[in-house]
Amino acid sequence: MTTIDTRQQAQISIRDLHKRFGDNIVLNGVDFDVLPGQVIVIIGPSGSGKSTFLRCCNGLEMPERGDITVCGKTLLRHGKPLPEKQLNALRQDVGMVFQPFNLFPHLTVMENLCVAPVMLRVLEKVGLSSKAKAMPGSLSVGQKQRVAISRALAMSPSVMLFDEPTSALDPELVGEVLQVMKMLASEGMTMIVVTHEMGFAREVADIVVVMDGGGIVESGPPEQILTSPKNERTRQFLNAVLTRQ
Ligand SMILES: Nc1ncnc2c1ncn2[C@@H]1O[C@H](COP(=O)(O)OP(=O)(O)OP(=O)(O)O)[C@@H](O)[C@H]1O
Ligand SMILES: [Mg+2]
């Protein structure tokens, strides 16, 4: 029998990832593989390290320990990162879309450098070519978020990371952003999405990952995790989210 080395095939491969802020241990030995074309949805309570995990995946946050391989390139090995120049090259492979209210003022200089000129082709893709010359201030929040997605797509990334892209949108605007993400998924884009939109997770995710207490407490196909979770913390978390929705 041949064993498949998922690490070789993975678009993103994470081993034994440790990240702390001072005394606050946020990631305590995370292992994770994302295969090409997979859509991973990450859920979990506030403060469980979901954003920190995503930021580690494109080198915006540097862990103290662990290995990260992205698109066959080593980002971090035994806790040692790539030189900054190579990190920047690698970031072009990994597009990132942030929480809407983080869009401009809260971005670090580094994050703003990830901003690429928006190409018409990608604007067309998200249904906004008529808005190419519009000032951002004249767009709805949903349209702004679609621009943010096209900005990340303009780099032709191999992987897209989404950090709660719809969390600050009015309910009627959530759908248009999710629609663009569904289209990307159906085109085979590899995606890691932090979201509490359970309908999206159920419909689009290949794997749902539950984070809590510094690590992954459970992962599996959406119907299993969302319908019959094994872990008590997952159950509590889903109850809280579903009561809110
Ligand atoms: N730059 C930072 N400096 C210090 N502490 C940080 C920093 N970024 C995150 N943290 C801490 O790390 C922990 C995890 O934060 P993180 O933002 O990754 O959680 P999260 O799961 O994304 O939460 P949320 O659902 O609220 O977005 C929190 O305790 C947070 O206060
Ligand atoms: Mg977060």
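Cut-off values and rules
- Residues numbered from 1 in each chain as written.
- Chains lettered and ligands numbered in written order.
- Predicted model: local features only at pLDDT ≥ 70, side-chain atom pairs only at ≥ 80, totals over all residues.
- Heavy atoms only, no water.
- Axes fitted to C-alpha atoms, helices over the stretch in contact; angles between N-to-C directions.
- Helix = DSSP H or I, 4+ residues; strand = E, 2+ residues; numbered from the N terminus.
- Parallel < 35°, antiparallel > 145°, perpendicular 65-115°, else oblique.
- Left-handed = near helix turned anticlockwise from the far one by under 90°.
- Contact = heavy atoms within 4.5 Å.
- Nonpolar A, V, L, I, M, F, W, Y, C, P; charged D, E, K, R; others polar.
- Buried < 20%, exposed > 50% of the residue type's maximum accessible area, 1.4 Å probe, protein only.
- Pairing = 2+ DSSP bridges.
- Phe/Tyr/Trp six-rings, centres within 6.5 Å; stacked < 30°, edge-to-face > 60°.
- Polar contact = N/O pair within 3.5 Å; in protein donor to acceptor, adjacent residues only side chain to side chain.

Visitor: Account for the packing of helix α6 (residues 141-153) against helix α7 (residues 171-186), with residues named and values stated.
Guide: Axis separation between α6 and α7 bottoms out at 8 Å; the angle between their running directions is 20 degrees. Taken together, the axis directions place α6 and α7 in an arrangement best described as roughly parallel. Where α6 crosses over α7, the two elements pack in a sense that is right-handed. Contact residues: α6 offers V141, G142, Q143, Q145, R146, I149 and L153, while α7 offers L173, E176, V177, V180, M181 and L184. Here the contact of α6 with α7 is built from residues that sort into eight nonpolar, three polar and two charged.

Visitor: I'd love a proper account of the pairing of strand β3 (residues 39-43), names of residues and values included.
Guide: Counting buried residues along β3, five of its five residues qualify, which places the element largely inside the surrounding structure. Side chains V39, V41 and I43 project from β3 onto one buried face, and the interleaved I40 and I42 project onto a second face that is buried too. Pairing analysis gives four bridges linking β3 to strand β9 (residues 190-194), with the strands arranged parallel. The residue of β9 that forms the bridge with I40 is I192. In the sheet, β3 pairs with strand β10 (residues 207-212) via four bridges, with the strands oriented parallel. Along β10, the bridge assignment pairs V41 with V208.

Visitor: Explain the packing of aromatic side chains residue by residue, including any values.
Guide: Applying the stated criterion across every chain, the model contains one aromatic pair. A centroid spacing of 5.1 Å and a plane angle of 90 degrees characterise the contact between F32 and F53, whose relative ring orientation is edge-to-face. Taken together, the positions of F32 in strand β2 (residues 24-34) and F53 in helix α2 (residues 50-57) put the pair 21 residues apart, joining distant regions of the chain. Of the two residues, F32 and F53, neither departs from the other in class, the shared state being buried.

Visitor: Please set out the side chain of Q38 residue by residue, giving values where relevant.
Guide: Relative to the helices and strands, Q38 is located in the loop between β2 and β3. Side-chain polar atoms of Q38 contact the backbone nitrogen of L35, separated by 2.9 Å. Other than its neighbours up to four places away in sequence, Q38 contacts D33, M189, T190, M191, D206 and I207.

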